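Observations on the model geometry
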Amino acid sequence: MANKKKKRVKLHVKKGDLVQVIAGKDKGKRGRIKKVFPSEMRVIVEKVNMVKKHQRPTDKYPQGGIIEKEASIHVSNVMIVCENCGRPVRTRKKILPDGTKVRVCVRCGEILDRT
Ligand SMILES: [Zn+2]
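Residues numbered from 1 in each chain as written. Predicted model: local features only at pLDDT ≥ 70, side-chain atom pairs only at ≥ 80, totals over all residues. Heavy atoms only, no water.

**Some words on the environment of Leu112**
- Note on placement: Leu112 falls in the segment after strand 10 (101–105).
- Note: C-alpha distance between Leu112 and Val81 (31 residues apart in sequence) is 8.8 Å.
- Beyond its immediate chain neighbours, meaning those up to four positions away, Leu112 contacts Ile80, Cys82, Val89, Thr91, Arg103, Val104 and Cys105. (Helix = DSSP H or I, 4+ residues; strand = E, 2+ residues; numbered from the N terminus. Contact = heavy atoms within 4.5 Å.)

**A few points about the layout of surface pockets**
- In this structure, the largest pocket spans a volume of roughly 280 Å³.
- Lining the largest pocket are 15 residues, with Lys10, Leu11, Lys14, Lys93 and Arg103 sitting closest to its centre.
- Secondary-structure elements contributing two or more residues to the lining of the largest pocket are strand 9 (91–95) and strand 10.
- Taken together, the residues that form the lining of the largest pocket break down as six nonpolar, two polar and seven charged. (1 Å grid on protein atoms, 1.4 Å probe; cavity = no way out; pocket = protein on both sides within 12 Å on 5 of 7 lines; lining within 4 Å. Points joined across faces, edges and corners; volume = space filled by probe spheres on them. Nonpolar A, V, L, I, M, F, W, Y, C, P; charged D, E, K, R; others polar.)

What follows is the structure, given as structure tokens:
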């Protein structure tokens, strides 16, 4: 019996990436990824998909009331922005001479992983 290969969910984006929203009510907005949920294929992008939430008074929010918070969006609704090209781009994988895998911009070849 062959070993069952574990299906690993791999997203094309990760925390800290600058992305642009390409669909939905926040289409065109840009922000950095704050959090990724690989199993759900969703991400939280700063200042994108803000929703109002009723907040009970807590230590953090002594007043309670309504706060605005980012809600997650599906990963297919965002594209990585190449800061060199200044626009959303597709990425491809590249292996550096030292063996590190990085993502590069298909347009200009800029390395998009911040190390
Ligand atoms: Zn580029």
